[in-house]
Structures are given as structure tokens and as C-alpha cells.
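Analysis of the macromolecular model
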Amino acid sequence: MQTDNTHTPEVPELTPTELKDRLDRDERLALLDVREPHEYALADLPEAGQLRIPMRQVPGRVSELDPETDLVIYCRSGARSGRVAAHLLANGFRRVWNLKGGLLRWREDVDPTLRPY
């Protein structure tokens, strides 16, 4: 996965509040959690049929993603998901957003009961 910023496309971001609004409206979108398996049990977004593919596995599992569906990628803080979003954008995906601030900001803006980690 590309790690330098030399040719990285700008990654669009969705705030947690914007994501919650879209989920509440039952908009057709997919959530991609790129955290490690041990992180899922600690804290997560409300169930919305998330795909769970750790960041390091995304390049080998990209065929599991639908490039025609709006894809919101998240992690704990937004850093890993931002790198995955940039990778997907550089590889032909066009409907990709990074969850700005990740679960930490979701907890801050939407659900203060979410367990911090």
C-alpha cells in the first residue's frame, strides 16, 4: 500500500455527525473497518453490516469491495483509514470517504458512551 504522499489523491472526509445522519436516513453505503480484530471487541460503530478488513490486508482483498457503493472507511483515529482511502482512490475507486477522526471523534461528537481505547 502506498505510504508516501507524493501522488496521493486528496481523500474526502465525512464527519461522524454526517455519517450518523446518513445511517439514520438508511442511505445505501458500506462501512469498512480497517482496525485489527482485537480492536473490534473494544469499541465499534453501530452495526451497519460493516466489512472488517485490517489495513494490511486491504490490497489483497480489494475484490471484496464494491466500487459502485459509497464506502466510508474508519479506524480508531482516522489515520489508517485515511491511508486505505487514498490507496483505493489511487486504484480506481471514486466513492470513498474517510471517517474524520475515526471512532475517537465518533465518541466525541455522536456517542459519548462508546468505550475509549
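These remarks concern the structure in this document.

Procedures and definitions
- Residues numbered from 1 in each chain as written.
- Predicted model: local features only at pLDDT ≥ 70, side-chain atom pairs only at ≥ 80, totals over all residues.
- Heavy atoms only, no water.
- Buried < 20%, exposed > 50% of the residue type's maximum accessible area, 1.4 Å probe, protein only.
- Helix = DSSP H or I, 4+ residues; strand = E, 2+ residues; numbered from the N terminus.
- Pairing = 2+ DSSP bridges.
- Right-handed = clockwise from strand over helix to strand, strands pointing away.
- Phe/Tyr/Trp six-rings, centres within 6.5 Å; stacked < 30°, edge-to-face > 60°.
- Lys NZ or Arg CZ within 6 Å of the ring centre and 35° of its normal.

Focus: the pairing of strand β5 (residues 96–99)
Alternating residues of β5 divide into Val-96 and Asn-98 and Trp-97 and Leu-99, and every residue in both groups is buried. Direction of pairing for strand β4 (residues 70–74) relative to β5: parallel, over a ladder of three bridges. Within the sheet, the bridge partner assigned to Val-72 lies in β5 and is Trp-97. Handedness of the crossover joining β4 and β5 through helix α4 (residues 79–90) is recorded here as right-handed.

Examining the pairing of β4
Taking burial as the measure, the five residues of β4 include five buried ones, the bulk of the element. Every second residue of β4 is oriented toward a common face, with Asp-70, Val-72 and Tyr-74 on one face and Leu-71 and Ile-73 on the other, all of them buried. Relative to β4, strand β2 (residues 29–33) runs parallel, the two sharing five bridges. When the sheet's bridge partners are listed, Ala-30 is paired in β4 with Leu-71.

Observations regarding the packing of aromatic side chains
Summed over the entire model, instances satisfying the criterion amount to zero aromatic pairs. Above the face of the Trp-97 ring, Arg-22 is positioned so that its terminal group lies 5.4 Å from the ring centre. Directly above the ring of Tyr-40 sits Arg-52, whose terminal nitrogen or CZ lies 5.2 Å from the centroid.

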